[in-house]
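Okay, here's what each chain looks like letter by letter:
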Amino acid sequence: MADLEVYKNLSPEKVERCMSVMQSGTQMIKLKRGTKGLVRLFYLDEHRTRLRWRPSRKSEKAKILIDSIYKVTEGRQSEIFHRQAEGHFDPSCCFTIYHGNHMESLDLITSNPEEARTWITGLKYLMAGISDEDSLAKRQRTHDQWVKQTFEEADKNGDGLLNIEEIHQLMHKLNVNLPRRKVRQMFQEADTDENQGTLTFEEFCVFYKMMSLRRDLYLLLLSYSDKKDHLTVEELAQFLKVEQKMNNVTTDYCLDIIKKFEVSEENKTKNVLGIEGFTNFMRSPACDVFNPLHHEVYQDMDQPLCNYYIASSHNTYLTGDQLLSQSKVDMYARVLQEGCRCVEVDCWDGPDGEPVVHHGYTLTSKILFRDVVETINRHAFVKNEFPVILSIENHCSVQQQRKIAQYLKGIFGDKLDLSSVDTGETKQLPSPQSLKGKILVKGKKLPYHLGDDAEEGEVSDEDSADEIEDECKFKLHYNNGTTEHQVESFIRKKLESLLKESQIRDKEDPDSFTVRALLKATHEGLNAHLKQHPDVKENGKKSHGRSLMTNFGKHKKTTKSRSKSYSTDEEEDTQQNPGKETGQLYRLGRRRKTMKLCRELSDLVVYTNSVAAQDVVDDGTTGNVLSFSETRAHQVVQQKSEQFMIYNQKQLTRIYPSAYRIDSSNFNPLPYWNAGCQLVALNYQSEGRMMQLNRAKFKTNGNCGYVLKPQQMCKGTFNPFSGDPLPANPKKQLILKVISGQQLPKPPDSMFGDRGEIIDPFVEVEIIGLPVDCCKDQTRVVDDNGFNPVWEETLTFTVHMPEIALVRFLVWDHDPIGRDFVGQRTVTFSSLVPGYRHVYLEGLTEASIFVHITINEIYGKWSPLILNPSYTILHFLGATKNRQLQGLKGLFNKNPRHGSSENNSHYVRKRSIGERILRRTASAPAKGRKKSKMGFQEMVEIKDSVSEAARDQDGVLRRTTRSLQERPVSMPVDKSLLGALSLPISETAKDTEGKENSLVQI
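Residues numbered from 1 in each chain as written. Predicted model: local features only at pLDDT ≥ 70, side-chain atom pairs only at ≥ 80, totals over all residues. Heavy atoms only, no water.

**Considerations on the overall build of the protein chain**
Piece 1. Along its length, the protein chain carries 30 helices and 38 strands.
Piece 2. For the protein chain, the proportion of its 1002 residues judged to be buried stands at 56%.
Piece 3. Restricting the contact set of the protein chain to residue pairs at least 6 apart, pairs at least 24 apart contribute 72%.
Piece 4. When the accessible surface of the protein chain is summed, it comes to about 43,700 Å², and 49% of that surface belongs to carbon and sulfur atoms. (Helix = DSSP H or I, 4+ residues; strand = E, 2+ residues; numbered from the N terminus. Buried < 20%, exposed > 50% of the residue type's maximum accessible area, 1.4 Å probe, protein only. Contact = heavy atoms within 4.5 Å. Areas by Shrake-Rupley, 256 points an atom, 1.4 Å probe, with all protein chains shown as cover.)

This is how it looks when you write it as structure tokens:
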């Protein structure tokens, strides 16, 4: 945020004047969509961490964290301000605060320009201070804020003091289960002032420190201090070398730790580290589970682009779902600053010759293409200088295409000039290093057989340009007696209701019953509504209405417009004949379409030429980007994973979500990363498991948006589905001791909130990577203790390809009828640091788990049973040719016929609607029962876990099943597996079928 730099140097007098005004409060008008505006008192809290307002019906939600503010703009710049009539408000009294993950806007109007200027200056000063913090300062600040907030929320009567009853209520909220006698004893020890019976904030801090004393850390300190209550410089150095596996530990480094973290001045004088200082050090970023060196770019950035995974966004402009949500230019700024390096721009003809950006055939709002390009230009290289790929989805007429090219050249300027980029003598893509500060336009290119003097020509339009399916489109047509506003309002209301009901975030089956039901219900409801009100008009004018097409048949009409001309060439539908070779690599298209393209826009495409699967010719050329929907890409990964991997060694591949994901849910990126696909585009606006995996993947290497693929994927090939994909390479063994937890909160969706029962936590650790590596294990349950539970359990995993593996730590609250999610943290395997480490849960200020990590190398060929405890005896015995999955042909049949009763008498049945809705509810381990573990196949689109893989004579991939070992907690099972495969179960597993049935179905 370069514009914040100037605010760091404000004079102390000006800062205090701004803070004083903001903390006193200012009456402002809060503009809201569809309302006249509300007068509220806005003020900055005393800790300068939150902006609050009153009155509010939801006082707890009437706040914005300064941390969450993305930017503050002056004047009437927001969409809500633009809807107000000119001259309605003085622009110098208006400003907008953008905040949160979805870039919500808070639009405010002051009574005079001076007040607006004061608030804008004060907010930007606070934002500048946060942006300049290092990780240690931020950790300390958030801790202090959390303690202060905890105190204030416990102070029910607002007198600045806590009595013993308020402390007891706070203990319950913090999931502390201590005897009341013990709590009273600590209360009395902390209550040292004259006002006995209550704690001031300073006394509460003392009480909190007593309550937070860590037995595990104290015992660790004693083990290295020769039973003393402190560590000398030499003892601290020994601890760092032996336990934390640190090299080059110097005396000065140890003295610096004592200086930074020791609280006692006496200990600082003696150059020793006491228990409080040791605790501070162990909870600091220096002892986080994530390697601090990986916060910077550390990988080789001089290899061709195709050798990197590239952080990619789908329909970047959208703030929510794919049908109704707002389009905002600020989404580009947000994702670019989060490290995304490939953004998508859907261009359509707009009024007055100005191209617009929105999701076609939907009710999403429109934004100007020019504004999008200006926003990208401002923010593309704020966080890092590595190249940005602009994925242009061109739906415009030739006239407006020329306008697009004009804006790109005029605004980006030299950023588009690639003439100086060195690609070497070989035919290969340039490197991220050589492309620093450059913007690559991904789009169509005119064919070479056209002469240079041809101003336009026809190109294939077979990739993602028209990614929304016909049945999801809103199309204009004449409808007597119906206005556009009436129909649009009805559709919007119906869709919003159904989207809320469906709640299909991160749905693993994109063609799910909920989406079909949504479309069908909307269509039927609209027809019924129009039949009941055939003559309804608005303002006495007829206009184009909109109807929702719900034709789920295979026939699709072709349309002609001034922007596109389509020609159809029906081809063999590989979904019906998946085993048939088409004569070309990945020939999966259903029809041939063409569109007109102007020379000016074509010439801007250099290294990122968008091609369709039908047009791929392996002639040794580079610079093509193959685009696949997740559905088609899944077929390719299943059928030709090794060929696909080889293709990705020279070219780029982009995978985007299915058109059926109208709620903007995300697919699982793992199968495509495993095949070497570089541009796996996700909906950044949708939080959930898949975005957590994506964030973890790209956080390493300085969060620069480029992560080097494993060398084995860049040269040569291997079968990612094999039980031993890289037999010549050493494997990594992860020995993870889960020791304890700290300040684990109640589940975020707890029915009774803070008043709910104290949680019964357990930890689950999941390895996510190649199919053979995917598994999970868990600790026992600790009863009634979320504040400082102790597990002291060791989990062991073996990983064949650690370079692409992710390690996911999850904390659950055990419940008799299931389990509730508390929090998670996902880290790349290669970024794990050995030794005693804290794993802070994502999005939770204080919550963490304390672990010890050991990583060993294993050489030679070992039995999977010995390598990985995740392989049970049944897994090992299941690796016989009689227990294999059916061929790939069955993967593409929606309702495959099950084989003979001899071979397929037992199969995993398709789940009912109720079971699908409850898929994330699972029973936790019964207390006291010995834990067990099973292999877990993470990949959503891959059909089952793999113990060994083999190909038959026809080259069809055959994979054996992993029989289930009885365990008390269910594992999420692939929807595709449940819905589309017949799974033979060994005779050995029949006995456990009844017990496991409920586990598999959830």
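**Digging into the packing of aromatic side chains**
Piece 1. With the rule as written, the count across this model stands at 18 aromatic pairs.
Piece 2. Between Y309 and W673 the ring centres are 6.4 Å apart and the planes differ by 65 degrees, which places this aromatic pair in the edge-to-face class. Here Y309 is found in strand 12 (residues 308–310), whereas its partner W673 is found in helix 21 (residues 670–674), with 364 residues between them in sequence.
Piece 3. On the accessibility criterion, Y309 (1% relative accessible area) is buried.
Piece 4. A relative accessible area of 2% means that W673 is categorised as buried. (Phe/Tyr/Trp six-rings, centres within 6.5 Å; stacked < 30°, edge-to-face > 60°.)

**A closer look at the sheet that holds strand 31 (residues 790–799)**
Paired through their backbone hydrogen bonds, the strands of a sheet run either parallel or antiparallel.
Piece 1. On the basis of which strands lie adjacent, the open sheet formed by four strands has the order 31-28-35-34 and antiparallel pairing. A single partner strand is all that each edge strand has here, and the edge strands are strand 31 and strand 34 (835–840). Between one strand axis and the next, the sheet turns by 30 degrees as a mean value, whatever way the strands run.
Piece 2. As defined by bridge partners, strand 28 (residues 731–742) adjoins strand 31 across eight bridges and the pair is classed as antiparallel. Across the sheet, residue K732 finds its bridge partner in strand 31, namely V799. (Pairing = 2+ DSSP bridges. Axes fitted to C-alpha atoms, helices over the stretch in contact; angles between N-to-C directions.)

**Description of the sheet that holds strand 7 (residues 104–109)**
Piece 1. Read across the open sheet, the seven strands follow the order 4-3-2-1-7-6-5; overall the sheet is antiparallel. Among the strands making up the open sheet, the edge pair consists of strand 4 (63–65) and strand 5 (69–74). Recorded for the sheet is a direction-independent mean angle of 30 degrees between the axes of neighbouring strands.
Piece 2. Pairing analysis gives three bridges linking strand 1 (residues 26–31) to strand 7, with the strands arranged antiparallel. In the strand pairing of strand 7, I29 is matched with I109.
Piece 3. In the packing of helix 13 (residues 330–337) onto the sheet, the strands contacted are strand 5 and strand 6 (94–99), and the crossing angle to strand 5 comes to about 140 degrees.

**Considerations on helix 12 (residues 275–282)**
Piece 1. Most of helix 12 sits out of view: six of its eight residues are buried.
Piece 2. Where helix 12 is concerned, the buried positions are I275, G277, F278, T279, F281 and M282.

**Let's talk about the environment of S105**
Piece 1. Topologically, S105 is positioned in strand 7.
Piece 2. Classification of S105 by relative accessible area gives partly exposed; the value is 24%.
Piece 3. Separated by 73 residues in sequence, S105 and K32 place their C-alpha atoms 9.4 Å apart.
Piece 4. The contact partners of S105, leaving out residues within four places of it in the chain, are I80, T96, I97, Y98 and K328.
Piece 5. In this structure the side chain of S105 is engaged in a polar contact, spanning 3.1 Å, whose partner is the side chain of D107. (Polar contact = N/O pair within 3.5 Å; in protein donor to acceptor, adjacent residues only side chain to side chain.)

**Some remarks on the pattern of salt bridges**
Piece 1. Following the criterion strictly, the structure yields 33 salt bridges and no others.
Piece 2. With a shortest N-O distance of 2.6 Å, R661 and E630 are connected by a salt bridge. Taken together, the positions of R661 in the loop between strand 25 (652–656) and helix 21 and E630 in helix 19 (residues 630–639) put the pair 31 residues apart, joining distant regions of the chain.
Piece 3. The buried category is assigned to R661, whose relative accessible area is 3%.
Piece 4. Here K737 and E792 are joined by a salt bridge, their closest N and O atoms 3.1 Å apart. Here K737 is found in strand 28, whereas its partner E792 is found in strand 31, with 55 residues between them in sequence.
Piece 5. Under the relative-accessibility criterion, K737 is labelled partly exposed at 31%.
Piece 6. Counted as one network, the salt bridges with shared partners bring together E344, E393, K442 and R654. (Salt bridge = Lys/Arg side-chain N within 4 Å of Asp/Glu carboxyl O.)

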